[in-house]
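# Reading the structure
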Amino acid sequence: MTNIFDELVEKQRAAEQAHHRVEELRGMYGPPAQEGGWSPRQTTTYNTAWRAWRDLARDLRTAVADYAKAQGEPRSDVESQVRKAVLQKEPGDVEA
């Protein structure tokens with residue numbers, strides 16, 4: 001089951017990266033209701049990033065729920081374990 005847990009960690013990382021991208025775009029573009037609004041290209045870029053984040057987060061929730069059920073653990077415990085694993089080992093870290 002370690003491989004499945006590792007996949008959950010990777011899904012968490014991907015969802016976090018997608019969320020950071022959405023936040024980055026919000027910072028760059030400013031509020032959509034500002035005077036002049038967003039250009040069509042900005043709107044498309046933002047909506048694409050937002051949908052990617054939403055889909056990754058949904059897939060993560062489903063995978064965590066399935067894993068928790070298979071392990072007989074509460075979903076919230078598995079979510080905490082995954083978040084902790086993400087914080088402990090960042091991508092690109094080299095194991096000694």
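Here the structure is a predicted model, which is why all the values come from computation and not from measurement.

Reading the values: the criteria
- Residues numbered from 1 in each chain as written.
- Predicted model: local features only at pLDDT ≥ 70, side-chain atom pairs only at ≥ 80, totals over all residues.
- Heavy atoms only, no water.
- Helix = DSSP H or I, 4+ residues; strand = E, 2+ residues; numbered from the N terminus.
- Buried < 20%, exposed > 50% of the residue type's maximum accessible area, 1.4 Å probe, protein only.
- Contact = heavy atoms within 4.5 Å.
- Areas by Shrake-Rupley, 256 points an atom, 1.4 Å probe, with all protein chains shown as cover.
- Salt bridge = Lys/Arg side-chain N within 4 Å of Asp/Glu carboxyl O.
- Expected span 1.5 Å × (residues − 1).
- Arc of directions from axis to C-beta.

### Digging into the overall build of the protein
When helices and strands are counted, the protein shows 3 helices and 0 strands. Counting from the amino terminus, the protein carries its helices and strands in the arrangement α-α-α. Sorting the 96 residues of the protein into buried and exposed places 26% on the buried side. For the protein, the proportion of contacts with a sequence separation of at least 24, taken over those separated by at least 6, is 69%. Accessible surface, the protein: about 6,800 Å² in total, of which carbon and sulfur atoms supply 52%.

### Digging into the pattern of salt bridges
It is possible for side chains bearing opposite charge to pair when their charged atoms get close. Under the definition given, this model contains 8 salt bridges. R13 is the partner of E10 in a salt bridge, and the nearest nitrogen-oxygen pair spans 2.6 Å. In this pair, E10 and R13 are both assigned in helix α1 (residues 2-29), 3 residues apart and thus about one turn of the helix distant. Overall, E10 belongs to the partly exposed group, its relative accessible area being 44%. Relative accessible area serves as the criterion here: at 9%, R13 is assigned to the buried category. Among the ionic pairs, D59 bridges to R58, the shortest N-O distance being 3.6 Å. A relative accessible area of 40% means that R58 is categorised as partly exposed. One connected set of salt bridges, linked through shared partners, spans R54, D55, R58 and D59.

### A closer look at the environment of L87
Residue position: L87 is located in helix α3 (residues 75-88). Assessed through its relative accessible area of 69%, L87 is described here as exposed. Expressed as a C-alpha distance, the spacing of L87 and V9, which sit 78 residues apart in the sequence, is 9.8 Å.

### Here's the deal with α3
In this model, α3 (14 residues) spans 20 Å end to end at C-alpha, consistent with the 20 Å of a helix rising 1.5 Å per residue. Within the sequence span of α3, burial applies to V78, E79, V82, A85 and V86. Along the long axis of α3, the arc covered by the buried residues comes to 125°, so they all point the same way. In α3, the exposed positions angled more than 90 degrees off the buried face are occupied by K84, L87 and Q88.

### Brief notes about the environment of V82
Relative to the helices and strands, V82 resides in helix α3. You can call V82 buried: its relative accessible area is 1%. The spacing of V82 and L8 is 74 residues in sequence and 6.7 Å in space, taken between C-alpha atoms. Other than its neighbours up to four places away in sequence, V82 contacts F5, L8, V9 and Q12.

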